[in-house]
2 protein chains.
Amino acid sequence: MNNSILLNSIYHKPIPHTPVWFMRQAGRYLPEYRKLREGCGSFLNLCKNPELATQVTLQPLQRFSLDAAIMFSDILVVPEAMGMELNFIENEGPKFTHKIGSPQDIINLDISEIAQRLNYVFEIIKNCKKELKPDTPLIGFSGSPFTLACYMLEGSSSKNYLHTKQWMYNHPELLHQLLDKLTQAIIIYLTAQINAGVDVVMLFDSWGGILTEQAYIEFSLTYLHKIIAALPKAKTPNTQQLIPKIVFTKGGGIWLDKISNIGADVIGLDWTINIGQAKSMLGQKAALQGNLDPAILAVGDKNAIRQDALRILNAYKTANNGSISGHVFNLGHGILPVTNPDHVAYLVDLVHEFNLTT
Amino acid sequence: MNNSILLNSIYHKPIPHTPVWFMRQAGRYLPEYRKLREGCGSFLNLCKNPELATQVTLQPLQRFSLDAAIMFSDILVVPEAMGMELNFIENEGPKFTHKIGSPQDIINLDISEIAQRLNYVFEIIKNCKKELKPDTPLIGFSGSPFTLACYMLEGSSSKNYLHTKQWMYNHPELLHQLLDKLTQAIIIYLTAQINAGVDVVMLFDSWGGILTEQAYIEFSLTYLHKIIAALPKAKTPNTQQLIPKIVFTKGGGIWLDKISNIGADVIGLDWTINIGQAKSMLGQKAALQGNLDPAILAVGDKNAIRQDALRILNAYKTANNGSISGHVFNLGHGILPVTNPDHVAYLVDLVHEFNLTT
């Protein structure tokens, strides 16, 4: 892994080009994914089938010269492994059969067998590590405690998250109980992912951005901090390489100074923030990941993709005194299903050629 | 209007208490609104009935000691007056029968009779001014050009605004044509609102926050700036009072420095930004409006409402060297329909008593 461009960029070492991978790079926009998905029943079946999930993880790497793989899974497998029945409904998204509605429901959540119940994830990781090139890192991940709690309290995704906020504003001590339990589960889960072989871990805080600053710090950032602190000097079991931690709060751009204080090696940026300003504000405190608008890749022509990708690459490089290191190119959120794979290929090449042509 | 606490706060003059009003203060959370609404057919019928819309505008003022009224209308009456057929579908929101899909559709938009077609709005304003106490200002408003364009291109509200972004990224010149036309229409509309008697105008940029910083500046902020520049020293026809301009971009907290440069008298803040930090950053450049999470008012108990409202009031006052002036208390977005009117009354009194008790 010493020659991983992704890891070298994260640690601000010299790199030949900006590394690039995409959130949801394995997914519905790929015809080969849709074909494989057809044959395997529910989405959760696919997540729990190590052989097929391994194939899905590797599909984008076979098409594009990406600088990392990310294990194929879903953030909601953690609450599912804690005992919450989960279904993915076509065109509607995930739904829990019973949402968390009482203090007893929190007590009933079982984290004692998290690692056993999520063993299929660790199988996927082991399989992928066998297949990936030695210098292509595998990214493991988890949802943030707050984001998982949102789904568990709402039962599904939501517009205003009023169940979550009812708990948060009226019974904060109960929400903290839930977040504590999730934090314990996530630490077990990520530790096991590391032991199974992932080279990087990422925390997806998809819903922290719905909060006030004060509530974000109390109910989301504090728990992200606890998780990172619990994996302080985690190393891969075989190579003893340090495992960098990526934290991504969608909508978190206004709290960047706060986020940069929890020890994350990389901070993910959505597309609303100017990456040059973010870099100027944070200096070498953390590497930055992002931040192309996923809509450009979905509906923009090549000229539009080129223009905005170059704007981001140049803004980072300029703010970093002419060096591209410390940047991991990505979208500001997941690839949209209507995205044309040819445009993804175009973008990957564009990012790789940037430093050679400027 | 010389004794309006709202206007005095906007102009940083001494005030006895922080003024307060709420976005969507006239609406579904009020039983008297729901009762009146039942009898009048479609939502658009209500907007177009000056007598009933006047009643609706005044309803919250009869219940609560609010410091301003806002005329009852909808931002989409502007595209409707430009020739786009509009329906409000129960539990689904607004839908245009035909969305903008071609350059010819933009050419077909007719702004020549905007003021005549929207005459019912000016009737509402005149009626309300007769009924309101002399020192209670009436707020007029419009959607921002970008937000109206989003609705016109998508046909309704949207998750990812891919139609809008397809135009924006691939045919920016066409989107600019549409935005130019909307800007002209809005200037006519707001000028006529001022002539009819509004004391303040507000621009609602509900969707600017879905953009990258660069696109926000090019496709939303530039047009907000043009509108404000076209109403530079607008005064009420009778009292010759200056008309302050409020600009609110939901999700615009990270672009506050840019927004503060377009000449707005007041900048609206959603609930994600710390108002104390915003105040410290902007100084006396503009007054600030906001920024309680509407979810607290919808699902929080009185203790939670109290705690967060005081946090906001104190953060502003502290950052403003102990003075409450320059702050207009409001939510960070519209009142949610599930809100308890008793909690609204509680909050209004709390805001009014704040400076007396601290």
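Here is what the cut-offs are and how they apply
Residues numbered from 1 in each chain as written. Chains lettered and ligands numbered in written order. Predicted model: local features only at pLDDT ≥ 70, side-chain atom pairs only at ≥ 80, totals over all residues. Heavy atoms only, no water. pLDDT = per-residue confidence, 0-100. Least-squares fit on C-alpha atoms with pLDDT ≥ 70 in both. Contact = heavy atoms within 4.5 Å. Buried area = accessible area lost by both parts, 1.4 Å probe. Polar contact = N/O pair within 3.5 Å; in protein donor to acceptor, adjacent residues only side chain to side chain. Helix = DSSP H or I, 4+ residues; strand = E, 2+ residues; numbered from the N terminus. Nonpolar A, V, L, I, M, F, W, Y, C, P; charged D, E, K, R; others polar. Axes fitted to C-alpha atoms, helices over the stretch in contact; angles between N-to-C directions. Parallel < 35°, antiparallel > 145°, perpendicular 65-115°, else oblique. Left-handed = near helix turned anticlockwise from the far one by under 90°. Core = buried A, V, L, I, M, F, W, Y, C linked by side-chain atoms within 4.5 Å. Buried < 20%, exposed > 50% of the residue type's maximum accessible area, 1.4 Å probe, protein only. Phe/Tyr/Trp six-rings, centres within 6.5 Å; stacked < 30°, edge-to-face > 60°. Salt bridge = Lys/Arg side-chain N within 4 Å of Asp/Glu carboxyl O. Pairing = 2+ DSSP bridges. Disulfide = S-S within 2.5 Å. Arc of directions from axis to C-beta.

**Remarks on the confidence of the model for chain A**
In the predicted model, chain A carries a mean pLDDT of 95, and 98% of its residues have values of at least 70. As scored by the predictor, the complex reaches a pTM of 0.96 and an ipTM of 0.95.

**Considering the relation of the copies chain A and chain B**
Note on the identical chains: chain A maps onto chain B by a rotation of 180 degrees and an axial translation of 0.0 Å, with an RMSD of 0.0 Å. Between the two chains, the operation in question is that of a two-fold axis. The position closest to the rotation axis in chain A is occupied by the C-alpha of Ile254 of chain A, lying 2.6 Å away. When the interface residues of chain A are mapped onto chain B, 100% of them are again interface residues, pointing to one common binding face.

**As for the interface of chain A and chain B**
At the interface, 32 residues of chain A touch 32 residues of chain B. Interface of chain A and chain B: buried area, both sides summed, is about 2700 Å²; carbon and sulfur atoms make up 56% of it. At the junction of chain A and chain B, the tally comes to 14 residue pairs in polar contact (both at pLDDT 80 or more). Broken down by secondary-structure element, the contributors of at least two residues to the side of chain A that touches chain B are helix H10 (162-170), helix H12 (213-230), helix H15 (294-299) and helix H16 (302-319) of chain A. The leading source of residues in the side of chain A that touches chain B is H10 of chain A, at 5 residues. The class makeup of the residues in the side of chain A that touches chain B is 14 nonpolar, 11 polar and 7 charged.

**Details of the packing of helix H11 (residues 172-196) of chain B against helix H12 (residues 213-230) of chain B**
Residue and element names in this part refer to chain B. The interhelical angle for the contact between H11 and H12, taken along N-to-C directions, is 30 degrees, at an axis separation of 10 Å. The angle between the axes of H11 and H12 places the two elements in the roughly parallel class. Here the hand of the crossing between H11 and H12 comes out right-handed. Across the interface between the two elements, Pro172, Leu175, His176, Leu179, Asp180, Thr183, Ile186, Ile187 and Leu190 from H11 touch Glu218, Phe219, Tyr223, Lys226, Ile227 and Ala230 from H12. Of the residues in the contact of H11 with H12, the class split is 10 nonpolar, 2 polar and 3 charged.

**Here's the deal with the nonpolar core**
With 275 residues, the main nonpolar core has Leu118 and Leu347 of chain A together with Leu118 and Leu347 of chain B as its most contacted residues. Setting aside residues up to four positions removed in sequence, Leu118 of chain B forms contacts with Val77, Val78, Ala81 and Tyr189 of chain B. Within the second largest apolar cluster, 5 residues are counted, among which are Leu162 of chain A together with Ala298, Val299 and Leu336 of chain B.

**Overview of the packing of aromatic side chains**
Within this structure, the stated rule accounts for 14 aromatic pairs over all chains. Seen in terms of ring centroids, Tyr33 of chain A and Phe72 of chain A are 5.9 Å apart; in terms of plane orientation they differ by 55 degrees. Their pairing is tilted. Taken together, the residues span a long stretch of sequence, with Tyr33 of chain A in helix H2 (residues 31-38) and Phe72 of chain A in the loop between strand S1 (69-70) and helix H5 (77-81) at a distance of 39 residues. The buried category is assigned to Tyr33 of chain A, whose relative accessible area is 4%. Considering the side-chain rings of Phe122 of chain B and Tyr189 of chain B, the 6.1 Å spacing of their centres and the 50 degrees angle between planes classify their relative orientation as tilted. Remark: Tyr189 of chain B occurs in helix H11 and Phe122 of chain B occurs in helix H8 (residues 119-131); sequence separation between them is 67 residues.

**Some points on the pattern of salt bridges**
According to the stated counting rule, one finds 24 salt bridges over all chains in the structure shown. We note a salt bridge from Asp257 of chain B to Lys258 of chain B, for which the minimum N-O separation is 3.3 Å. You can call Asp257 of chain B partly exposed: its relative accessible area is 33%. What you see here is one network of salt bridges that share partners, running through Glu213, Asp257 and Lys258 of chain A.

**So, the side chain of Ser9 of chain A**
All names here are of chain A. Here Ser9 shows up in helix H1 (residues 5-10). Using a relative accessible area of 0% as the deciding quantity, one classes Ser9 as buried. In this structure the side chain of Ser9 is engaged in a polar contact, spanning 2.9 Å, whose partner is the backbone oxygen of His327.

**Some words on the sheet that holds S1 of chain A**
Residue and element names in this part refer to chain A. In space, the 7 strands of this open sheet follow the order S1-S4-S5-S6-S7-S8-S9, with parallel pairing throughout. Each edge of the open sheet carries a strand with a single partner, namely S1 and strand S9 (327-331). The strands that helix H14 (residues 275-282) touches are strand S7 (266-268), strand S8 (287-292) and S9; relative to S8, the one it contacts most, it runs at about 165 degrees.

**Here's the deal with the environment of Tyr161 of chain B**
Mapped onto the secondary structure, Tyr161 of chain B falls in the loop between helix H9 (145-154) and helix H10 (162-170). A polar atom in the side chain of Tyr161 of chain B sits 3.5 Å from the side chain of Trp207 of chain B.

**Here's the deal with the side chain of Thr136 of chain A**
For Thr136 of chain A, the position within the fold is in the loop between helix H8 (119-131) and strand S4 (138-143). Ignoring sequence-local partners within four residues, the contact set of Thr136 of chain A consists of Met1, Leu61, Asp67, Ala68, Ala69, Lys129 and Asp199 of chain A.

**Section: the state of the cysteines**
Disulfides are covalent bonds that connect the sulfur atoms of two cysteines. Residue and element names in this part refer to chain B. Applying the stated criterion across every chain yields a total of 0 disulfides over all chains. Left unpaired, Cys47 is separated from the closest cysteine sulfur, that of Cys40, by 9.1 Å. Relative accessible area serves as the criterion here: at 0%, Cys47 is assigned to the buried category.

**Examining helix H14 (residues 275-282) of chain B**
Residue and element names in this part refer to chain B. Among the residues making up H14, those that are buried are Ile275, Gly276, Ala278, Lys279 and Leu282. Down the axis, H14 shows its buried residues gathered within 160 degrees of arc, on one side only. Turned more than 90 degrees away from the buried face of H14, the exposed residues are Ser280 and Met281. Contact partners of the buried residues in H14: helix H13 (256-259), strand S7 (266-268), strand S8 (287-292), helix H16 (302-319) and strand S9 (327-331). N-cap assignment for H14: the residue whose side-chain oxygen lies 2.8 Å from the backbone N of Gly276 is Asn274. The positive-phi residue at the C-terminal boundary of H14 is Gly283, with phi of around 55 degrees.

**Things to note about the pairing of S9 of chain B**
All names here are of chain B. Extensive coverage of S9 is indicated by the burial of 5 of its 5 residues. Side chains of S9 alternate between two faces, with His327, Phe329 and Leu331 and Val328 and Asn330 buried alike. As judged from the 5 bridges shared by S8 and S9, these two strands associate in the parallel manner. Its bridge partner lying in S9, Gly290 is registered against Phe329.

**Describing unusual backbone geometry**
All names here are of chain A. Looking along the chain, the bond that leaves Gly290 and enters Asn291 is cis, with omega of -5 degrees. Along the polypeptide, Asn291 turns up in strand S8. With a phi angle near 55 degrees, Asn321 is a residue other than glycine that sits in the positive phi range. With respect to the helices, strands and loops of the structure, Asn321 is situated in the loop between H16 and S9. Classification of Asn321 by relative accessible area gives exposed; the value is 77%.

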